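Observations on chain architecture
In case you want the letters, here they are:
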Amino acid sequence: MTEPKESAASAGPSNFITDIIDADLASGKHTQVVTRFPPEPNGYLHIGHAKSICLNFGIAQKYPGARCHLRFDDTNPAAEDVEYVDAIERDVRWLGFDYGEHRYFASDYFERLHDFAVELIESGKAYVDSVSDAEVKRLRGSVTEPGTPSPYRDRSVEENLDLFARMRAGEFAEGEHVLRAKIDLASPNMKMRDPAIYRIKKAHHHRTGDRWTIYPLYDFTHCLSDAIEGITHSICTLEFENNRELYDWVLDNVDAPCHPQQIEFARLNLSYTLMSKRKLLQLVTEGHVRGWDDPRMPTLAGLRRRGVTPEAIVAFCDMVGVAKANSLVDVGKLEYCIRNDLNPRAPRVMGVLRPLEVIVESYPEGQVEELDAASFPHDVGKEGSRKVPFSRRLFIEASDFDKDPPKGYYRLSPGAEVRLRYAYVVRCTGVEEDAEGRPVRLRCVHDPATRGAAAPEGRRVKGTIHWVSADHAIDAEVRVYDRLFEVERPEGLEDLNPGSLEVIADAKLEPSVKGSAVGQHFQLERQGYFRVDEDSANGKLVLNRTVTLRDTWQKTQDKLAAEAAPQEPEKRAKATKKQPEAPRKEAPPERLTEAEERERGRLVGLGVEEDGARRLVQVAPALALFDATLAAGGVSGEATAKWIVNELLGRLRDGEVKVTGDGLAALLRLVDAGSLKGPAAKRVLAEMVERGGEPEALVASLGIEEVDADALDGILDEVLAAHPEEVARYREGKKNLIGFFLGQVMRKSGGQADPNAARKRLMTRLEA
């Protein structure tokens with residue numbers, strides 16, 4: 001029933017990159033445009049990669065004679081796999097793009113890359129260094145201090161050539177030597193302070209086997225691979241802006257075939273979504289999801305299995321556009337594109353997810369009517385109808401009945417009338433309940449004069465509900481997916497949404513869905529859009545909810561606010577903690593001054609994300625604290641910025657805080673060492689804000705203790721013993737209670753338990 005479209009691919013609207021290309025073609029700088037999409041085969045592609053795919057392949061579609069290469073940057077064999085190569089190719093084709101014969105691997109160029117490295121050694125612009133990784137980092141200096149030359153920086157060309165040849169021959173252990181470019185140890189761009197360009201790695205490569213024991217690093221490989229392939233415009237995301245200087249240096253100092261132009265654009269940051277492949281891999285390997293194609297994952301494989309179409313993703317990428325500044329895109333935009341695409345293509349059916357039996361006592365026993373039902377919404381330009389059977393025994397949604405309805409409730413209740421969609425008006429005459437007072441069966445009567453759209457004059461029935469005939473219903477398992485993370489800007493696994501999946505084992509669907517193929521889309525009326533999953537077998541359908549019919553987040557927020565309103569402020573704050581914010585329009589980023597723009601570039605060079613850098617440079621005390629913290633040593637720019645932006649920015653903007661750079665650095669070192677976990681670290685930081693002090697002393701005064709394996713087991717014993725009913729419910733199938741148990745453990749541990757270890761141990765005990 002689904003009508004496939006010819007192609008999802010789109011050249012997309014014009015942008016600042018196409019403006020550059022237009023100028024290059026007009027000036028004669030280039031006569032043909034060649035771009036590339038260069039993923040690393042160490043994971044599955046995600047929605048962020050889709051933006052880059054649409055941009056690079058879209059440019060190739062836009063210009064006559066242009067092409068886009070698919071190139072795998074396979075220089076780290078320890079993390080790569082053929083599975084990832086196959087998945088990436090599959091995803092690019094699924095989006096509707098064709099690279100033809102232009103599929104390449106960086107490993108195709110290993111010999112040439114090696115020769116370029118030798119060329120740098122021979123010209124005195126590269127040397128073999130023999131200090132440890134830690135010493136290399138120390139000697140590189142800081143943002144305020146230049147680097148210090150390695151004792152091996154002035155080795156002779158002959159000695160460097162000999163050592164590099166022996167590195168290739170496999171004589172040395174990993175980490176014993178590294179080949180570094182000799183550039184400028186005083187450069188303000190840390191990327192230029194003698195970066196490593198080759199390292200020893202004794203791992204089996206999925207294409208070259210064990211032929212190589214040295215592998216080039218990304219910045220060296222990337223630009224030279226572009227040059228070898230004749231790329232004209234090397235398009236990458238903003239985090240590589242500072243890499244451009246090194247990119248150009250490498251190409252200028254070897255005999256490269258050409259010099260591609262690097263252009264940066266803003267990466268896709270999506271609310272309630274993680275884009276880190278490392279963290280996505282952690283979700284998979286630790287069992288938080290079922291795999292890379294779990295429908296909750298932002299991977300293209302996961303989105304495809306959930307039921308998102310390539311057309312919807314391409315439309316979303318076109319809507320987001322190509323910008324120069326990073327921003328957070330509301331996930332509601334993606335959901336809008338999904339609904340907009342599925343509305344005209346997904347046929348309507350009726351399905352009851354949580355069945356409540358209804359006996360229409362006035363309807364003749366044994367009689368069955370075939371009623372006409374619209375197959376598509378009236379406004380999508382498609383005609384057609386389907387037949388749905390109506391009989392004496394029906395199922396309706398349990399939520400469509402309330403024995404004590406609130407004001408404004410227009411569904412079924414004792415003595416009330418409601419219209420059954422496409423069928424009759426019925427009135428509830430009786431309710432059968434179980435021992436706990438829950439309704440298990442309703443008794444109703446119908447009005448034969450109200451079949452279809454008919455209604456007697458003067459009668460006004462406000463509610464319409466869906467239903468299925470019980471004797472004709474198809475059994476189905478329905479997987480109701482929600483957002484994988486419950487906060488707008490998730491940091492890691494601690495922000496997982498415990499209710500991201502609900503499995504409904506005994507849903508009932510109308511018989512028209514019988515025999516539906518895997519991949520078929522449906523709009524379950526009043527429920528949302530669904531797709532038939534690959535797990536369907538032996539006549540049992542499994543449906544994945546792709547997206548709701550409309551956004552329910554605002555309704556959730558309104559309900560929470562109403563419930564919290566009469567409470568004390570402390571309780572209200574607790575009730576709304578970590579609840580998702582309502583989608584809102586993004587304000588355009590505030591324009592930076594020239595000085596702020598320079599500072600922003602410096603921070604990005606220190607590993608700070610673009611959005612965080614913009615926010616830091618606009619608050620002078622925050623920027624000063626950032627620099628003071630880095631100057632204290634032992635911390636990264638990325639981690640420092642995140643803590644300041646997420647925990648301190650408002651306080652620094654509004655007034656004085658008592659946190660010093662030395663104190664914050666000491667706190668972050670404790671976090672990095674694993675001796676202080678995130679929630680406990682935030683408690684310590686709150687104390688430092690108010691009264692200053694050293695974090696080690698505050699840890700002691702707050703009674704925060706490290707939770708080792710034995711202590712964690714004791715906490716687990718207490719939590720499980722205190723909640724026997726929840727344990728039983730979990731073992732009966734209520735798996736989302738894992739979040740409840742984890743919360744109890746974290747509270748009892750004062751925030752010091754490792755959430756990943758706690759989750760694993762909890763699941764082991766609960767599954768026992």
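Residues numbered from 1 in each chain as written. Predicted model: local features only at pLDDT ≥ 70, side-chain atom pairs only at ≥ 80, totals over all residues. Heavy atoms only, no water.

1. A word on the overall build of the chain
For the chain, the helix and strand inventory stands at 25 helices and 27 strands. Considering the chain as a whole, with its 768 residues, one finds that 51% of them fall into the buried category. By sequence separation, contacts in the chain at least 24 residues apart represent 70% of the contacts at least 6 residues apart. For the chain, the accessible area works out to roughly 34800 Å², and carbon and sulfur atoms hold 48% of it. (Helix = DSSP H or I, 4+ residues; strand = E, 2+ residues; numbered from the N terminus. Buried < 20%, exposed > 50% of the residue type's maximum accessible area, 1.4 Å probe, protein only. Contact = heavy atoms within 4.5 Å. Areas by Shrake-Rupley, 256 points an atom, 1.4 Å probe, with all protein chains shown as cover.)

2. Quick look at the packing of helix H17 (residues 620-632) against helix H19 (residues 661-673)
As a packed pair, H17 and H19 sit with axes 7 Å apart at the nearest point and diverge in direction by 60°. Compared by their axis directions, H17 and H19 come out oblique. With respect to the hand of their crossing, H17 and H19 are arranged in right-handed fashion. Packed against H17, whose contacting residues are Leu625, Ala628, Thr629 and Ala632, the element H19 presents Gly661, Asp662, Leu664, Ala665, Leu668 and Arg669 at the interface. (Axes fitted to C-alpha atoms, helices over the stretch in contact; angles between N-to-C directions. Parallel < 35°, antiparallel > 145°, perpendicular 65-115°, else oblique. Left-handed = near helix turned anticlockwise from the far one by under 90°.)

3. Re unusual backbone geometry
Residue Asp194 is not a glycine yet carries a positive backbone phi of 50°. The residue Asp194 is located in the loop between strand E5 (178-181) and strand E6 (196-200) in this model. A positive phi angle, close to 70°, is found at Tyr422, a residue other than glycine. Note that Tyr422 resides in the loop between strand E18 (417-420) and strand E19 (425-433). Residue Tyr422 is classed as buried on the basis of its relative accessible area, which comes to 16%.

4. Quick notes on helix H3 (residues 82-94)
For H3, spanning 13 residues, the distance from its first C-alpha to its last is 18 Å, which sits close to the expected 18 Å at 1.5 Å a residue. For H3, the full list of buried residues reads Tyr84, Val85, Ala87, Ile88, Glu89, Asp91, Val92 and Trp94. The N-terminus of H3 is capped by Asp81, whose side-chain oxygen sits 2.8 Å from the backbone nitrogen of Glu83. Positioned one or two residues after H3, Gly96 has a phi angle of 105°, which is positive. (Expected span 1.5 Å × (residues − 1). Polar contact = N/O pair within 3.5 Å; in protein donor to acceptor, adjacent residues only side chain to side chain.)

5. A short note on the pattern of salt bridges
The tally for this structure, following the rule as stated, stands at 52 salt bridges. Notably, a salt bridge pairs Glu432 with Arg441, separated by 2.6 Å at the nearest N-O pair. Under the relative-accessibility criterion, Glu432 is labelled partly exposed at 25%. According to the relative accessible area criterion, Arg441 is partly exposed, its value standing at 25%. Residues Glu477 and Arg479 are paired through a salt bridge, measuring 2.8 Å at the closest nitrogen-oxygen approach. When sorted by exposure, Glu477 lands in the same class as Arg479, which is buried. What emerges from the salt-bridge pattern is a single network uniting Arg290, Asp293, Arg305, Glu477, Arg479, Arg531, Asp533, Glu534 and Asp535. (Salt bridge = Lys/Arg side-chain N within 4 Å of Asp/Glu carboxyl O.)

6. Quick look at the pairing of strand E4 (residues 126-129)
In E4, alternate side chains face the same way, and those of Ala126 and Val128 on one face and Tyr127 and Asp129 on the other are all buried. Of the pairings in the sheet, the one linking E4 to E5 comprises four bridges and is antiparallel in character. Within E5, the residue paired with Ala126 across the bridge is Ala181. (Pairing = 2+ DSSP bridges.)

7. Remarks on the side chain of His466
Within the secondary structure, His466 is located in the loop between strand E21 (464-465) and strand E22 (468-469). Within the local environment of His466, its side chain forms a polar contact with the backbone oxygen of Gly351, the two atoms lying 3.1 Å apart. At 3.1 Å, the side chain of His466 and the side chain of Gln527 are in polar contact. Sequence-distant contacts of His466, defined by excluding residues within four places in its chain, comprise Met350, Gly351, Val352, Phe395, Ile396, Glu397, Asp400, Arg421, Glu525, Arg526 and Gln527.

8. A look at the side chain of Thr309
Structurally, Thr309 can be placed in the loop between helix H10 (300-306) and helix H11 (310-320). Among the polar contacts made by the side chain of Thr309, one reaches the side chain of Asp341 at a distance of 2.5 Å.

9. Overview of the environment of Asp91
Within the secondary structure, Asp91 sits in helix H3. The class for Asp91 is buried, based on a relative accessible area of 0%. Here the alpha-carbon distance between Asp91 and Leu300, two residues 209 residues apart in the chain, equals 6.5 Å. The residues touching Asp91, leaving out its near neighbours within four places in the chain, are Leu45, Leu300, Ala301 and Arg304.

10. Side note on the nonpolar core
In this structure, Ile47, Val92 and Ile313 are the most contacted members of the largest nonpolar core, which totals 40 residues. Going through the elements one at a time, helix H2 (47-62), strand E2 (67-72), H3, H10, H11 and helix H12 (331-342) are the ones with two or more residues in this core. The element that contributes the greatest number of residues to this core is H2, accounting for six residues. Excluding its chain neighbours within four sequence positions, the residues that come into contact with Val92 are Phe37, Leu45, Ile53, Phe57, Leu70, Phe97 and Tyr99. With 39 residues, the next largest nonpolar core counts Val645, Ala665, Leu667 and Leu685 among its residues. (Core = buried A, V, L, I, M, F, W, Y, C linked by side-chain atoms within 4.5 Å.)

11. Comments concerning the packing of aromatic side chains
For the structure shown, the criterion picks out 14 aromatic pairs. Between Tyr44 and Tyr84, the aromatic rings sit 5.9 Å apart at their centres with planes inclined by 85°, giving edge-to-face as the arrangement. Note that Tyr44 is positioned in the loop between strand E1 (34-37) and H2 and Tyr84 in helix H3, a separation of 40 residues in sequence. One aromatic cluster in this structure is built from Tyr363, Phe390, Tyr424 and Trp467. Geometry around Trp94 places Arg304 over its ring, the cationic atom sitting 4.9 Å from the centre. Directly above the aromatic system of Tyr272 lies the positively charged group of Arg483, at a separation of 4.9 Å from the ring centroid. (Phe/Tyr/Trp six-rings, centres within 6.5 Å; stacked < 30°, edge-to-face > 60°. Lys NZ or Arg CZ within 6 Å of the ring centre and 35° of its normal.)

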